[in-house]
Amino acid sequence: MEKGIITIGRQYGSQGKAVGKMLAQRLGCAFYDKEELARIARGRDYEEVREFYEEQPVDSLLYAIAMNNEEGEVGRIPFARIRELCGNGPCVLIGRCGNEIFRKKQDAVSIFIHGDMEKRVQYVTETEGLSAHGAKKKIDRVDEERASFHRYYTHREWGRADAYELCLDSGVLGADKCAAVIFDYLKIRGLF
């Protein structure tokens, strides 16, 4: 893949990050998640965009203020930093409103990974050692934070199928097959 940006939005516990890592490995391209973005940003302008890179929850007062600002103004600086970073070559970007940032880019593919709650709870209990009740609470909290974050920066609803080019259920396919479907889809699109 010479060019192209794959953005992956994901429900918590849906293995979206694992899918992205597998895909980046298979494509031989850069992989940007919260940790990698923070590492790259440190020493540059990290404090200016820290809350965005770390996908910090947004409180209702900040959201109300943002809604009164011009559309997109609140995300102008962090969106520009993400475009700059991802514009250097092919990459997989996890979260960070990638579907909106690259909405008009012809060589960008936006993907959303989701799964039913039971399978996500099972995954989180296995990987994080939480009880089923604790896993469910964490999934609900993180998904709400992601929805709030996305709404704050884009004024759009997070996770809506019409905001993504491809939506996959990792509970049905598993992470490996999700990565394989995306890879095949990229070939069909002529991006690989």
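Note that the structure is a prediction, hence the values are computed from the model and not measured.

J.: Outline unusual backbone geometry, supporting the account with residue identities and numerical values.
T.: A positive phi angle, near 55°, is found at Arg 96, a position not held by glycine. When you line up the elements, Arg 96 lands in the loop between β3 (91-94) and α6 (98-101). Phi at His 155 takes a positive value of approximately 60°, unusual for a residue other than glycine. Looking at the element boundaries, His 155 is found in the loop between α8 (132-154) and β5 (166-169).

J.: Give me empty space enclosed by the protein: which residues, what numbers.
T.: Enumeration over the complete set of coordinates arrives at three cavities of 30 Å³ or more. Quantified by volume, the largest cavity comes out at close to 110 Å³. Along its surface, the largest cavity is lined by 15 residues, and Gly 95, Arg 96, Cys 97, His 150 and Trp 158 are the ones closest to its centre. Ranked by residues supplied to the lining of the largest cavity, first place goes to strand β1 (residues 5-10) with four residues.

J.: Tell me about the pattern of salt bridges, residues and numbers included.
T.: All chains considered together, the criterion is met by 15 salt bridges. In this structure, the salt-bridge partner of Asp 140 is Lys 136, at a minimum N-O distance of 2.6 Å. With Asp 140 and Lys 136 both in helix α8 and four residues apart, this pair spans about one turn of that helix. For Asp 140, a relative accessible area of 35% translates into the label partly exposed. With relative accessibility at 33%, the residue Lys 136 sits in the partly exposed group.

J.: I'd like a rundown of the nonpolar core, residues and numbers included.
T.: Grouped together as the largest cluster of nonpolar side chains are 22 residues, with contacts concentrated most on Val 92 and Ile 182. Elements represented by at least two residues in this core include exactly β1, α1 (16-27), β3, β4 (108-114), β5 and α9 (170-189). It is α9 that provides the largest number of residues to this core, a total of six residues.

J.: Break down the sheet that holds β1 for me, citing the residues and quoting the values.
T.: Within the open sheet, the five strands sit side by side as β2-β3-β1-β4-β5. Their pairing is parallel. Strand pairing shows two members of the sheet lacking a second neighbour, β2 (30-32) and β5, which therefore form its edges. Sheet twist, expressed as the average angle between the axes of neighbouring strands with direction ignored, equals 20°. Examined bridge by bridge, β4 and β5 share four bridges and lie parallel to one another.

J.: Tell me about α9, residues and numbers included.
T.: Helix length check: α9, at 20 residues, gives a terminal C-alpha distance of 22 Å against a target of 28 Å (1.5 Å per residue), a shortfall beyond 12%. Along α9, the helix axis deviates most sharply at Asp 176, where the bend reaches about 75°. Buried within α9 are the following residues: Ser 170, Gly 171, Ala 175, Cys 178, Ala 179, Ile 182, Phe 183 and Leu 186. Buried residues in α9 make contact with β1, α1, β4, α7 (117-128) and β5. The residue sitting at the N-terminus of α9 and contributing the capping side-chain oxygen is Asp 169; that oxygen lies 2.8 Å from the backbone nitrogen of Gly 171. Phi turns positive one or two residues past the end of α9, at Gly 190, with a value near 80°.

Definitions and limits used
- Residues numbered from 1 in each chain as written.
- Predicted model: local features only at pLDDT ≥ 70, side-chain atom pairs only at ≥ 80, totals over all residues.
- Heavy atoms only, no water.
- Helix = DSSP H or I, 4+ residues; strand = E, 2+ residues; numbered from the N terminus.
- 1 Å grid on protein atoms, 1.4 Å probe; cavity = no way out; pocket = protein on both sides within 12 Å on 5 of 7 lines; lining within 4 Å.
- Points joined across faces, edges and corners; volume = space filled by probe spheres on them.
- Salt bridge = Lys/Arg side-chain N within 4 Å of Asp/Glu carboxyl O.
- Buried < 20%, exposed > 50% of the residue type's maximum accessible area, 1.4 Å probe, protein only.
- Core = buried A, V, L, I, M, F, W, Y, C linked by side-chain atoms within 4.5 Å.
- Pairing = 2+ DSSP bridges.
- Axes fitted to C-alpha atoms, helices over the stretch in contact; angles between N-to-C directions.
- Expected span 1.5 Å × (residues − 1).
- Bend = angle between axes of the 7 residues up to and from the residue.
- Contact = heavy atoms within 4.5 Å.
- Polar contact = N/O pair within 3.5 Å; in protein donor to acceptor, adjacent residues only side chain to side chain.

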